[in-house]
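Below, each chain spelled out in residue letters.
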Amino acid sequence: MSTLTVGTISEKVTDAGVSVDGVTLKDGELGTSASPVAINSSSLNGGQFGGRRNIVINGAMQVAQRGTSVTSISTEGYKTVDRFKWTMDNTSAVFTHSQSTDVPTGEGFGNSFKVDVTTADTSLASGNQTRFEYRFEGQDVQQLAKGTSNAKKVTLSFWVKAYQTGTYVVNIHDTDNSRLIAKTYTVNSSATWEYKTITFDGDTTGTLNNDNNLSLVLHWYLGAGSDYTSGTLATSWESFTNANRAVGQTVDIATSTSNYWQITGIQMEVGEQATPFEHRSFGEELGLCQRYYFENVGKNFGGIAPETNRVLVDGLFPQRMRTSPTLTAFSNDGTTGKCSRSLDNSNITVTSFNGQSADGIHQILGTFVQNAGYYLGVKADAEL
Amino acid sequence: MQNYSITFCKYVKDPITETNISILATIDGVENLCVPLDPANRHYEEILKQVAEGTLTIEEAD
């Protein structure tokens with residue numbers, strides 16, 4: 001192979017440009033309008049190609065409607081940052097969750113999720129599993145073309161910081177077809193933000209239901225007993241088997257109150273390339289989160305009692321929710337199961353909601369004064 | 001798999017139509033939850049699952 005070194009190559013014929021192996025360079029542009037060329041690159045200016053690649057909502061942990069810190073956690077559920085669920089089985093450990101402001105430097109994040117251990121459990125039971133989860137509606141993951149010959153690979157990327165170094169496992173669980181794939185990542189340095197990317201194969205078996213119900217779950221394992229580690233890690237899609245879920249997980253977060261685990265910048269996108277995180281505005285993320293959870297305690301819906309057994313409220317949610325939510329009433333002073341009478345701000349028991357839907361509430365039931373005004377706040381939960 | 005602790009579970013009737021309209025429940029220690037009779041609601045789904053397993057009974061409405 002020979003090398004030609006020159007300072008400038010100029011067109012020989014005016015306005016003809018210069019041709020290099022079929023590609024025309026002319027007037028500072030590549031190709032011509034008459035003969036456009038395709039550009040294949042994994043990155044343009046080091047930034048994202050364009051709109052909506054991240055299938056995960058609230059991956060930057062911006063939204064925490066339920067609160068920014070919850071202590072004494074000993075049960076599963078949605079605790080702080082929206083859309084992310086905590087699961088813990090067969091452990092006596094106790095945790096604190098928080099929306100932290102500790103973030104990777106220079107990456108544009110303002111928040112991370114943090115779990116701290118406040119009561120340790122040094123005995124790892126066989127049935128123990130401690131996990132951080134994200135749950136997808138089926139209609140939001142149709143782009144994976146799962147269960148077809150054109151099934152897409154997906155790439156998961158995130159920033160993680162942990163006290164414990166070692167191997168951790170991430171699963172994708174297809175709940176529609178009871179299928180599983182698992183990969184590992186390594187935390188190399190204690191107390192240091194590290195960027196991880198994991199690509200999962202497409203699955204030509206098992207189509208995902210195109211509806212508003214649960215279809216896929218991402219699981220970040222933080223501890224796993226032998227029930228989940230005694231098989232062979234499911235590095236390719238296979239029928240769901242507990243023993244193959246977390247093989248190789250060396251870390252159990254519950255072992256010491258020194259332990260913690262943090263994560264932010266979670267992105268899952270179609271393809272084999274992890275592109276830079278798709279930052280979205282707080283308002284946009286809040287709206288996306290409110291499809292699954294909404295609360296307005298202290299801000300209130302209001303209505304009048306046409307009869308003594310009901311109040312017409314007709315309060316609309318800010319977003320149509322995934323499905324009719326589980327509702328909790330709150331009086332103005334934050335008492336659960338109550339509403340407030342506008343005349344004297346007294347708390348009145350709400351025995352039930354009636355006629356609610358994914359769009360809002362319609363009536364509350366109880367014992368009221370006819371034609372009096374009442375108001376209440378609600379927590380509405382339509383999580384997966 | 002969900003793993004909720006349901007310690008109270010009772011139907012609520014519409015006072016006019018006398019039909020069941022929701023379930024008043026205590027789930028994972030959270031009281032006064034009004035669960036709609038909607039199979040896509042995760043709490044109702046779990047209630048139905050535990051009823052089918054024989055570990056939970058829904059009390060009739062007053």
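No experiment lies behind these values; they were computed from the predicted model shown.

Considerations on the nonpolar core
Generally speaking, soluble globular proteins have nonpolar side chains that are buried together. Residue and element names in this part refer to chain A. Core analysis: the largest hydrophobic core is formed by 50 residues, its most contacted members being Phe 95, Phe 158, Tyr 185, Leu 218, Trp 220, Trp 261 and Ile 266. By residue number, the principal contributor to this core is strand E10 (residues 154-162), which donates five residues. Leaving out residues up to four positions away in the same chain, Tyr 185 has contacts with Phe 158, Val 160, Gly 166, Thr 167, Tyr 168, Val 170, Lys 196, Ile 198, Trp 220 and Trp 261. Ala 305, Val 313, Ile 348 and Ala 372 belong to the second-largest nonpolar core, a separate cluster that totals 24 residues.

Here we look at helix H1 (residues 42-52) of chain B
What H1(B) keeps buried is the set Arg42(B), His43(B), Tyr44(B), Glu46(B), Ile47(B) and Gln50(B). Where H1(B) is buried, its residues contact strand E5 (77-78), strand E20 (326-330) and strand E24 (373-381) of chain A together with strand E1 (6-13), strand E2 (20-27) and strand E3 (30-36) of chain B. Where H1(B) starts, the residue carrying a side-chain oxygen 2.8 Å from the main-chain nitrogen of His43(B) turns out to be Asn41(B).

Things to note about the domain arrangement of chain A
Under the domain assignment used here, chain A contains domain 1 (2-39), domain 2 (69-285) and domain 3 (291-381). Domain 1 of chain A and domain 3 of chain A are separated by 69 Å when their C-alpha centres are compared.

Section: the environment of Gln290(A)
Tracing the backbone shows Gln290(A) in the loop between helix H1 (282-289) and strand E17 (293-295). Remark: the alpha-carbon pair of Gln290(A) and Arg83(A), spanning 207 residues in sequence, is separated by 9.5 Å.

Observations regarding the sheet that holds strand E16 (residues 260-270) of chain A
Residue and element names in this part refer to chain A. Spatially, six strands are ordered E4-E7-E8-E16-E10-E13 in an open sheet, and the strand pairing comes out antiparallel. Strands with a single pairing partner mark the edges of an open sheet, and in this sheet they are strand E4 (69-73) and strand E13 (194-200). This sheet shows a mean twist of 20 degrees between the axes of neighbouring strands, independent of strand direction. By the bridge criterion, eight bridges tie E10 to E16 in an arrangement that is antiparallel. Along E16, the bridge assignment pairs Ser 157 with Gln 267.

A look at the interface of chain B and chain A
Taken together, the 23 residues of chain B in the interface contact 28 residues of chain A. Overall, the association of chain B and chain A removes approximately 2000 Å² of surface from exposure, summing both partners, and the carbon and sulfur fraction of that is 43%. Applying the counting criterion to the chain B and chain A interface returns two salt bridges. A salt bridge links Asp14(B) to Arg310(A), with the nearest nitrogen and oxygen atoms 3.2 Å apart. Taken together, chain B and chain A are joined by 12 residue pairs in polar contact (both at pLDDT 80 or more). Sorting elements by how many residues they give to the side of chain B that touches chain A places E3(B) first, with six residues. By residue class, the composition of the side of chain B that touches chain A is 11 nonpolar, six polar and six charged.

Concerning the environment of Val187(A)
Residue position: Val187(A) is located in strand E12 (residues 179-187). Sequence-wise, Val187(A) and Gly166(A) are 21 residues apart; in three dimensions their C-alpha atoms are separated by 5.4 Å.

Looking at the side chain of Thr80(A)
Considering the arrangement of structural elements, one finds Thr80(A) in the loop between E5 and strand E6 (84-89). Every residue in contact with Thr80(A), bar those within four places of it in the chain, is listed here: Ala64(A), Gln65(A), Arg66(A), Gly67(A), Thr68(A), Ser69(A), Val70(A), His97(A), Ser98(A) and Phe113(A).

Observations concerning unusual backbone geometry
All names here are of chain A. A positive phi angle, close to 60 degrees, is found at Met 61, a residue other than glycine. Counting through the fold element by element, Met 61 comes out in the loop between strand E3 (29-30) and E4. A positive phi angle, close to 75 degrees, is found at Asn 371, a residue other than glycine. Along the chain, the position of Asn 371 falls in the loop between strand E23 (360-366) and E24. Under the relative-accessibility criterion, Asn 371 is labelled exposed at 59%.

Examining the pairing of E20(A)
Counted residue by residue, E20(A) has five buried out of five residues, so it is predominantly covered. Of the two faces of E20(A), the one lined by Thr326(A), Thr328(A) and Phe330(A) and the one lined by Leu327(A) and Ala329(A) are each fully buried.

A short note on the sheet that holds strand E9 (residues 129-137) of chain A
The strands that make up a sheet are held in pairs by hydrogen bonds between backbone atoms, and each pair lies either parallel or antiparallel. Residue and element names in this part refer to chain A. Taking strand neighbours across the sheet as the criterion, the seven strands line up as E5-E6-E9-E14-E11-E12-E15 in an open arrangement whose pairing is antiparallel. One side of each edge strand has no neighbouring strand; the edge strands of this open sheet are E5 and strand E15 (238-239). As paired strands, E12 and E15 are joined by two bridges and run antiparallel to one another. Within E15, the residue paired with Arg 179 across the bridge is Ser 239.

Criteria and cut-off values
Counting of residues starts from 1 at the beginning of each chain's written sequence and follows it residue by residue. Note on labels: chains are lettered from A, ligands numbered from 1, in written order. Residues qualify for local features only when their pLDDT is at least 70, as the model is predicted, and side-chain atom pairs are given and counted only at 80 or more; totals for whole chains, interfaces and linings, by contrast, use all residues. With hydrogens and water stripped out, all remaining heavy atoms of the structure feed into the side-chain values. To qualify as a nonpolar core, a set must consist of buried Ala, Val, Leu, Ile, Met, Phe, Trp, Tyr and Cys residues joined through side-chain atoms within 4.5 Å. Only protein chains enter the accessibility calculation, which uses a 1.4 Å probe. A residue is then buried if its area is under 20% of the maximum for its type, exposed if over 50%, and partly exposed in between. Strands are runs of DSSP state E lasting at least two residues, helices are runs of H or I lasting at least four, and both sets are numbered from the N terminus onward. We call two residues contacting when some pair of their heavy atoms lies within 4.5 Å. In protein, a polar contact means a hydrogen-donor-capable atom and an acceptor-capable atom, both N or O and within 3.5 Å, with residues adjacent in sequence counting only if both atoms are side-chain atoms; elsewhere, any N or O pair within 3.5 Å suffices. In this document the domain limits rely on a domain assignment from an automatic tool or a database. Note: two strands are recorded as paired if DSSP finds a minimum of 2 bridges between them. Only the contacting stretch of a helix is used when fitting its axis, a line to C-alpha atoms as for every element, and angles between N-to-C directions run 0 to 180 degrees. Reported buried area values correspond to the accessible surface (1.4 Å probe) lost by two parts on association, with both partners' losses combined. For this analysis, a salt bridge means a side-chain nitrogen from Lys or Arg found within 4 Å of a carboxyl oxygen belonging to Asp or Glu. Each residue is assigned to one of three groups, with Ala, Val, Leu, Ile, Met, Phe, Trp, Tyr, Cys and Pro labelled nonpolar, Asp, Glu, Lys and Arg labelled charged, and all others, Gly among them, labelled polar.

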